[in-house]
Amino acid sequence: MNTPVTLINKTVLTNNISSMQALMNKNSKLLMPMMKTHKSTEIAKIQLNTGCFGFLCGTIEECIAAYTINTKNIMYAYPVINIDNIKILSKIAQHCNMILRSDSYECVDITQDLARKSGICFGMTVIVDSGLHRFGLDPYKAAKLAEYITKKSNIRFLGFSTHPGHVYQKTKDQVAEVANDECESLKKAEMEVRKYGIESVYITSGSTPTVKLSVESDLINVFHPGNYVFNDYIQMILGSASEEECALYVSACVISNPEKGIFIIDAGAKCLGLDKGAHGNAAISGYGYVKKHPKAIITSLSEEVGIIHAKQEEFRIGDIVQIIPNHSCATANLTSRLYFEQNDNTDNEYIKVDIRSNSYSFQI
Ligand SMILES: Cc1ncc(COP(=O)(O)O)c(C=O)c1O
């Protein structure tokens, strides 16, 4: 097989999907996985067939793709402000439950105005900041915004959402603290909104590192892990996946050995991605984990090639190395095909990554 190439082990992929669904079923929770990890209708169909309730989408294209494959419950992860985007989502809302998220009065007003003009009703959750400090309000302000939404005719308040993404900046020992932030902040918001006589339908959250802990919450009833389908090196560092549970890796060739202990591979930033985990993690020293060579460090990446520092006896020119990326969501977004491993028992050669913004061809 030519290199570099992004490979997928289908058995590991389907096992990851079924074991997450089994975890949800066992705890009577709904799974709406984050679609941005794979951006692939084929993988989304496997998730739907395995029993997921719907999808959390990170882009308009992902919402359209989810609708195209007959998803009944679609949630958009971030506030939608652009009127053209809301117009597309209004069309989707005519056919399925389209749930938006908000963290501002402006967003609620814009959505209400367009939903009224289109004669539709959106579901909406309010984003609570559980520690990532990206979107969201503190639980008290979130409850006030929730109360404001209940007065709108074309928006139905459904509950609260958060994403404990700050877990990616932590160590393995701190994952439980973050899961606690996730559960407590949502609990505060829910307790506060009940003072207004309002109850939530959905309390939604999720990240791959925290899900096994927060699934035990008696409040959160919808989970949104995404990365679990592939897993990656940051999940290995945080203890949420083993090497054997990583479904996606890059195969690259050692093409030069210019100095003792320095090896050049033909996979660079345009293949592996420059991420050091979803939000950067101090425990990550290189640009991926070289399978069977735990001490080798990919110290830098230029566009097409990477540099590995390792003991001279570790590699020879011509060797093929397999690299688990730091952040598989970013790596999958850099290719249009995830090739199956040669020994995968499948009729097809690859899975298409067909929902990337720049290569998207579905219509609404
Ligand atoms: C809002 C939101 N929810 C859920 C997820 C899924 O988290 P993970 O990839 O850790 O499973 C993400 C991913 O970044 C996200 O941004």
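What counts, and where the lines are drawn
- Residues numbered from 1 in each chain as written.
- Predicted model: local features only at pLDDT ≥ 70, side-chain atom pairs only at ≥ 80, totals over all residues.
- Pairing = 2+ DSSP bridges.
- Helix = DSSP H or I, 4+ residues; strand = E, 2+ residues; numbered from the N terminus.
- Axes fitted to C-alpha atoms, helices over the stretch in contact; angles between N-to-C directions.
- Parallel < 35°, antiparallel > 145°, perpendicular 65-115°, else oblique.
- Left-handed = near helix turned anticlockwise from the far one by under 90°.
- Contact = placed C-beta atoms within 7 Å.
- Expected span 1.5 Å × (residues − 1).
- Buried ≥ 20, exposed ≤ 12 C-beta atoms within 10 Å, placed from the backbone.
- Near = placed C-beta within 6 Å.
- Nonpolar A, V, L, I, M, F, W, Y, C, P; charged D, E, K, R; others polar.
- Core = buried A, V, L, I, M, F, W, Y, C linked by C-beta atoms within 7 Å.
- Domains from an automatic or database assignment.
- Arc of directions from axis to C-beta.

A. Fine view of the pairing of strand β10 (residues 248–259). With four bridges connecting them, strand β1 (residues 5–8) and β10 associate as antiparallel partners. Looking across to β10, one finds that threonine 6 is bridged to valine 250. As paired elements, β10 and strand β15 (residues 320–324) share four bridges and run antiparallel to each other. Bridge pairing in β15 places valine 250 opposite isoleucine 323. Two successive antiparallel strands, β10 and strand β11 (residues 262–265), enclose a turn made up of two residues, where glycine 261 displays a positive phi of approximately 80°.

B. Main features of the packing of helix α4 (residues 83–93) against helix α5 (residues 105–118). Look at α4 against α5: their axes get within 10 Å of each other, and the N-to-C directions meet at 45°. Relative to α5, the element α4 lies oblique. In terms of crossing hand, the pair formed by α4 and α5 is right-handed. For the pair α4 and α5, contact is made by Ile83, Ile86, Lys87 and Ser90 and by Ile110, Thr111, Leu114, Ala115 and Ser118, respectively.

C. Geometry of helix α7 (residues 175–194). In this model α7 runs 29 Å from its N-terminal to its C-terminal C-alpha over 20 residues, within 8% of the 28 Å that 1.5 Å per residue would give. Those residues of α7 lying buried are Val175, Val178, Ala179, Glu182, Cys183, Ser185, Leu186, Ala189, Glu190, Glu192 and Val193.

D. Up close: the site of the ligand. Taken together, 15 residues are adjacent to the ligand, and His163, Ser207, Thr208, Gly226 and Asn227 come closest. Residues belonging to the shell around the ligand are distributed by class as follows: six nonpolar, nine polar and no charged.

E. Layout of the nonpolar core. Formed by 104 residues in total, the largest nonpolar core has its most connected members in Cys57, Cys63, Ala66, Ile74, Leu89, Ala142 and Ile323. Here this core gets seven residues from one element, more than from any other, and that element is α7. Two domains each provide a minimum of three residues to this core, namely domain 1 (11–227) and domain 2 (243–352).

F. View of the sheet that holds strand β7 (residues 155–161). Strand order in the open sheet formed by eight strands is β2-β9-β8-β7-β6-β5-β4-β3, and the pairing between neighbours is parallel. Each of the sheet's edge strands pairs with one partner strand only, and the pair in question is β2 (30–31) and β3 (55–57). Relative to strand β5 (residues 97–102), strand β4 (residues 73–76) runs parallel, the two sharing three bridges. Paired with methionine 75 across the bridge in β5 is isoleucine 99.

G. How the structure looks around the domain arrangement of the protein chain. When its domains are assigned, the protein chain resolves into domain 1 (11–227) and domain 2 (243–352). Once you take the C-alpha centre of each, domain 1 and domain 2 turn out to be 32 Å apart. Taken together, the contacts link 16 residues of domain 1 with 14 residues of domain 2. Counting residues per element, the ones that place at least two in the side of domain 1 that touches domain 2 are α1 (10–26) and α2 (41–50). In terms of residue count, α1 provides more of the side of domain 1 that touches domain 2 than any other element does, three residues in total. Its residues assigned to classes, the side of domain 1 that touches domain 2 comprises four nonpolar, nine polar and three charged.

H. Region of the structure containing the environment of aspartate 109. Tracing the backbone through its elements, the reader meets aspartate 109 in helix α5. Aspartate 109 sits 122 residues away from asparagine 231 along the chain, and the two C-alpha atoms are 38 Å apart.

I. Just helix α6 (residues 139–149), in detail. When α6 is considered as a whole, its buried residues turn out to be Pro139, Ala142, Ala143, Leu145, Ala146 and Ile149. Buried residues in α6, looked at end-on, bunch into an arc of 160°, giving them a common side. Contacts made by the buried residues of α6 are with β5, α5, β6 (122–127), β7 and α7.

J. Geometry of unusual backbone geometry. Cis geometry is adopted by the peptide bond preceding proline 4, which originates at threonine 3 and carries an omega value of -5°. Look at asparagine 70: it is not a glycine, yet its phi comes out positive at around 65°. On the basis of neighbour counts, which here come to 10 C-beta atoms within 10 Å, the residue asparagine 70 falls in the exposed class. Positive phi, normally seen in glycine, also occurs at asparagine 231, with a value near 60°. Counting through the fold element by element, asparagine 231 comes out in the loop between β9 (222–223) and α9 (233–238). The class of asparagine 231 is buried, set by 25 C-beta atoms lying within 10 Å.

K. Just the pairing of strand β8 (residues 202–205), in detail. Bridge analysis of β7 against β8 gives three bridges, and the strand direction is parallel. Among the inter-strand pairings, phenylalanine 160 is bridged to a residue of β8, identified as isoleucine 203. Bridge count between β8 and β9: two bridges; the pairing is parallel. Counterpart to threonine 204 in the pairing with β9 is valine 222.

L. View of the packing of α6 against α7. Between α6 and α7, whose axes approach to 8 Å, the crossing angle comes to 45°. Considering their axes alone, α6 and α7 lie oblique with respect to each other. Like other packed secondary-structure pairs, α6 and α7 cross with a definite hand, here right-handed. Of the residues in α7, those touching α6 at Pro139, Tyr140, Ala142, Ala143, Ala146 and Glu147 are Ser185, Lys188, Ala189, Glu192 and Val193. The class makeup of the residues in the contact of α6 with α7 is seven nonpolar, one polar and three charged.

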